[in-house]
Every structure is written in C-alpha cells, then in structure tokens.
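# Fold and contact review
Residue-level listing of the chains:
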Amino acid sequence: QTSYRLRHGRACNCGYPELPGFSDWCTFHMSNLESRMSTVKLTYDSDHHVTAIKEPQHKIVSVDCPYTGDGAEFSPANLLSISLGSCMLLSIGTVAERAKLDLSGTTVSVRFKEVAKPFPHVAAIRYVIDIPHHFSAVDKRRIENAAELCPIKTNIGDNTEISVRFKYAEAEAA
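Residues numbered from 1 in each chain as written. Predicted model: local features only at pLDDT ≥ 70, side-chain atom pairs only at ≥ 80, totals over all residues. Heavy atoms only, no water.

Here the amide bond leading from glutamate 55 into proline 56 is cis, since omega sits at 0°, within 30 degrees of zero. If you trace the backbone, proline 56 turns up in the loop between β4 (49-55) and β5 (59-64). In the segment running from lysine 117 into proline 118, the intervening peptide bond is cis, with an omega of 5°. Relative to the helices and strands, proline 118 resides in the loop between β6 (107-115) and β7 (121-131). One non-glycine residue, lysine 100, lies in positive phi territory at about 55°. Looking at the element boundaries, lysine 100 is found in the loop between α2 (76-99) and β6. Judged by relative accessible area, which is 75%, lysine 100 ranks as exposed. (Helix = DSSP H or I, 4+ residues; strand = E, 2+ residues; numbered from the N terminus. Buried < 20%, exposed > 50% of the residue type's maximum accessible area, 1.4 Å probe, protein only.)

Time to look at the state of the cysteines. Disulfide: a covalent bond formed between the sulfur atoms of two cysteine residues. Under the counting rule described, the total for this entry stands at one disulfide. Note on cysteine connectivity: cysteine 87 is disulfide-linked to cysteine 150, with sulfurs 2.4 Å apart. In this structure the cystine formed by cysteine 87 and cysteine 150 twists about its S-S bond by roughly 125°; its chirality is therefore right-handed. You can see cysteine 87 sitting in helix α2 and its partner cysteine 150 sitting in the loop between α3 (137-148) and β8 (161-168), a full 63 residues away along the chain. (Disulfide = S-S within 2.5 Å.)

All right, on to the sheet that holds β8 then. Judged by pairing direction, the sheet is mixed, and its three strands sit side by side in the order β6-β7-β8 without closing on themselves. Looking along the sheet, the strands with just one partner apiece sit at the ends: β6 and β8. Within the sheet, the average angular offset between the axes of one strand and its neighbour, ignoring direction, is 10°. Sheet topology note: the β6/β7 ladder contains nine bridges and is antiparallel. Pairing of valine 108 across the sheet is with isoleucine 129, part of β7. Sheet strands touched by α2: β6, β7 and β8. Its angle to β7, the strand with the most contacts, is close to 35°. (Pairing = 2+ DSSP bridges. Axes fitted to C-alpha atoms, helices over the stretch in contact; angles between N-to-C directions. Contact = heavy atoms within 4.5 Å.)

Now for the side chain of serine 62. Tracing the backbone through its elements, the reader meets serine 62 in strand β5. Here serine 62 falls in the buried class, since its relative accessible area comes to 18%. When neighbours within four sequence positions are excluded, serine 62 is seen to be in contact with His49, Val50, Thr51, Glu73 and Phe74.

So this is what it looks like as structure tokens:
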C-alpha cells in the first residue's frame, strides 16, 4: 500500500488517489477516526457464545459459533460481511449527502461463502447494492467510487474475493 499525504498533513492508505473526491473523503474520515476512539469489550459467555459491548454507549451484539453454537445470533462471518457492507453504504451516504443525492430506500444484499480448505475462511463475499433512483453517469461514478474507498475493504485479505454489483432504477421515459 502506498501512503498519500492529504491537505492537512494526514496520511491515507486507502490506495485510490485517482478517484474524484479522494482528498476530501479521506480527510473527513481520518479526522473522525482520530477524534473518536471507542472500546468494545468481548466476553465469552459459554456454549460457544460471545457478547460484545460497545462502551460507553452499552450497545450489545451477540455472536455464536456457526459450527458448534445454536446459530441464534450473528456468526463472525456475518459480522465481517455486515461490516464491509455497512462501511460501503455509509461511504456512499457521505458522498451522496455532499452531492445532494437521494439514496432513500437503498439496500445492500450480501451472500458469502465459507470454505474449510486450505484453512477455514470466508472465500467470497458478494454484494448487490440496490439504489431505487436514477442518477447521471457522473453521479453513479461518485457513488461507486465511494464504495471502493471503504476502509474496511482494504483490511480484507487477498484470499477473500469481493464482488460488488450496483443496480439503479431505470430512467423514466420523457
């Protein structure tokens, strides 16, 4: 990864300097990260169940092992796919707000594939981002570039294939 210097001297490792809005996007996100460090406490409860609590807000997420737990809660693979999908959607939302684009009703569907060999891991994650609005080619590029800039995406290893497909509403006939 190459590190890029931004307007305020902060470094960004997202790797997409050629994308429109790169400098502003990274400056915004990095300043928020620097000022908002939070703590998550994980507790093993028993029976392959973990509780995660985000402090100081006391937000709770429960996690089960998909192989030995009862499957009633999110699995670690669910949380990985949720993390990346929500990061892309939040990144898109940031760009859309600045450009005054309406993303209301946008949904992200995700499917993932886990494999056991050569070691247990998530082999593929597939996203469909369904945006029920029509946008110009320029705005579509802004939206899609924002998803590519998601910092979570850069933290997923090469052994996990990630695909993202965008579906937009058809243009209305004049």
